[in-house]
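One letter stands for each residue in the lines below.
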Amino acid sequence: MVETSGQGRRVISDVAGRLWQQRWLLLAGVAAVAAVYAFANRAAYAVPLAVLLLVAAALVPRRPAPAIPARAGSAETRGLRRLNGEYLAAAVADPLIVFDRAASVIYANAAATTTFGDLSPGLWLPLKFRAPEMQSLLDAVLSGTVASEAIDHVEKLPVESVYRATATAVGHGTGLYVLMFKDQSEARRIDRMRADFIANASHEMRTPLASISGFIETLRGPARDDAAARAQFLEIMQSQTARMSRLIDDLLSLSRLEMKPLRRSGARVDLRRTLESVIDSLAPLARDNGIVVERVFAEGPLEVPGDRDELFQVFENLLENACKYGRAGGRVVVTAGPGAAGPEPTIDVTVRDFGPGIAEEHIPRVTERFYRIDAEASRAQKGTGLGLAIVKHILTRHNGRLSIKSELGKGAAFTVHLPAN
């Protein structure tokens, strides 16, 4: 009903436009008829006068008829119909393959060839994707039992990648199908990291909690009246509580760093003064571990853009680790100065100890959360396994990086590279 009334309005509008366009001719016709009746008694003059009026009306210049706007979207619709399907497929950022009833490739966009290699027209897809789940996916769609099907597809080379593969029929009776891949690798990696983080954090919390719970049961039972045992157990419980507190503080520190926006305020940090403050604050720890901290600072300004509190935390973690784990060497050397010549100037700060060192296979992983080279030694030194992870995160926020050099029996050197500008 609505469509019929709309058509009627369009017809009326069209007729009115045409009448308006011929208005002068119509007026001349009316005037001619009126002249015939007015000069009816003078028939010799009536007809020539009517003809003259009609000729004059025909000679009057007419304005071009206004263009009638097309229905909304009609031009765009016609353009879309003319658009080649290959252009649409090429514009898709995800890998996309068009194939026929024989499972042979008709077209593959650039993303698909980049991801999976050769996908020339005519290639039989089951030869390219040999995984059983992919074979089942293609069979299900080609058989017509389902209009659309999705599975998880794993590519092992060059690196392991996980895709959500979806196969769908194109239209009805076209004989064409689309196979599309959505990369899920990053999402899966984040999920694994989250699961590992929760498992590691739970494990780290469970150990001191179990220790405290056991001592509480002992104090309430066999050691209820044993003053010496009570004092010893309470001291251990306090140590375990402090360990949990440090772990929570480090977890909160990581969380704040990840949520805190990085503001480029233009503030500059004097690394010389920052390092002096760090060394002074850790002097009691160095003294308790028999460590002498040596300073080797270059002449001139040692300033970098950044957040002083965060950089203080970086050097505090590095120097604390050197004092704890490099105590066998008896000294720690803190060096600061311009970095090696490169495309961009840097200020490098190195914290070097002369302890047992780090085996080569551990170096790439020491900045991972909760990773420990020697778990028992780390817990004995009251470590949480998060210090170097915090260091790495802060340096990433400052466009800096951490390099590690070590040799067993000769100590380790942790170098912070920060952009000078």
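For clarity, every value in this text was computed on a predicted model and none was experimentally measured. (Residues numbered from 1 in each chain as written. Predicted model: local features only at pLDDT ≥ 70, side-chain atom pairs only at ≥ 80, totals over all residues. Heavy atoms only, no water.)

Trainee: What is the right way to look at the pairing of strand β1 (residues 96–100) in this model?
Mentor: Where a strand is regular, its side chains alternate between the two sheet faces. Within β1, four of the five residues are buried, which leaves the element mostly enclosed by the surrounding structure. Here five bridges tie β1 to strand β5 (residues 176–183), and the two strands are oriented antiparallel to one another. What sits directly across from V98, in β5, is V178. Two strands pair when backbone bridges link them, and β1 and strand β2 (residues 105–108) are joined in this way by three bridges, in the antiparallel orientation. (Buried < 20%, exposed > 50% of the residue type's maximum accessible area, 1.4 Å probe, protein only. Helix = DSSP H or I, 4+ residues; strand = E, 2+ residues; numbered from the N terminus. Pairing = 2+ DSSP bridges.)

Trainee: Quick question: what am I supposed to make of the sheet that holds β5 here?
Mentor: Two pairing modes exist for strands in a sheet, parallel and antiparallel, and in both the strands are linked by backbone hydrogen bonds. The strand order β2-β1-β5-β4-β3 describes an open sheet built from five strands, whose pairing is antiparallel. On the outer flanks of this sheet lie β2 and β3 (148–155), each paired with one strand and no other. Between one strand axis and the next, the sheet turns by 20 degrees as a mean value, whatever way the strands run. Here eight bridges tie β3 to strand β4 (residues 161–169), and the two strands are oriented antiparallel to one another. Following the sheet pairing, S148 is matched in β4 by T168. (Axes fitted to C-alpha atoms, helices over the stretch in contact; angles between N-to-C directions.)

Trainee: Would you mind going over helix α15 (residues 387–397) with me for this structure?
Mentor: Since the α-helix advances by 3.6 residues per turn, residues separated by three or four positions end up pointing in the same direction. By the criterion of burial, α15 is predominantly enclosed, with eight of the eleven residues buried. Positive backbone phi, at 60 degrees, marks N399, one or two positions downstream of α15.

Trainee: Help me out: how do you make sense of unusual backbone geometry in this one?
Mentor: For residues besides glycine, phi is generally negative; the peptide bonds are generally trans as well. In this structure, A103 is a non-glycine residue whose phi angle is positive, near 65 degrees. If you trace the backbone, A103 turns up in the loop between β1 and β2. Using a relative accessible area of 4% as the deciding quantity, one classes A103 as buried. One non-glycine residue, N399, lies in the positive phi region at around 60 degrees.

Trainee: I would appreciate a short explanation of the pattern of salt bridges in the present structure.
Mentor: Note that side chains of opposite charge can pair when their charged atoms are close. Evaluation of the coordinates by the stated rule reveals eleven salt bridges. The partner of E303 in a salt bridge is R268, and the shortest N-O contact between them spans 3.6 Å. Placement of the pair is E303 in strand β8 (residues 303–305) and R268 in strand β6 (residues 268–270), with a sequence separation of 35 residues. Through salt bridges with shared partners, a single ionic network connects D152, R164 and R188. (Salt bridge = Lys/Arg side-chain N within 4 Å of Asp/Glu carboxyl O.)

Trainee: Would you mind going over the sheet that holds strand β12 (residues 412–419) with me for this structure?
Mentor: Read across the sheet, five strands follow the order β7-β9-β10-β12-β11 without closing on themselves; strand pairing throughout is mixed. The strands lining the two open edges of the sheet, one partner per strand, are β7 (292–297) and β11 (401–406). For this sheet, the mean inter-axis angle between neighbouring strands, taken without regard to orientation, is 15 degrees. Relative to strand β9 (residues 331–338), β7 runs parallel, the two sharing six bridges. The residue bridging V293 from the neighbouring strand is V332, located in β9. Sitting on the sheet, helix α11 (residues 271–281) is in contact with β7, β9, β10 (346–353) and β12, with an inclination near 175 degrees to β7. Here helix α13 (residues 308–325) sits on the sheet in contact with β7, β9, β10, β11 and β12, set at roughly 170 degrees to β12. (Contact = heavy atoms within 4.5 Å.)

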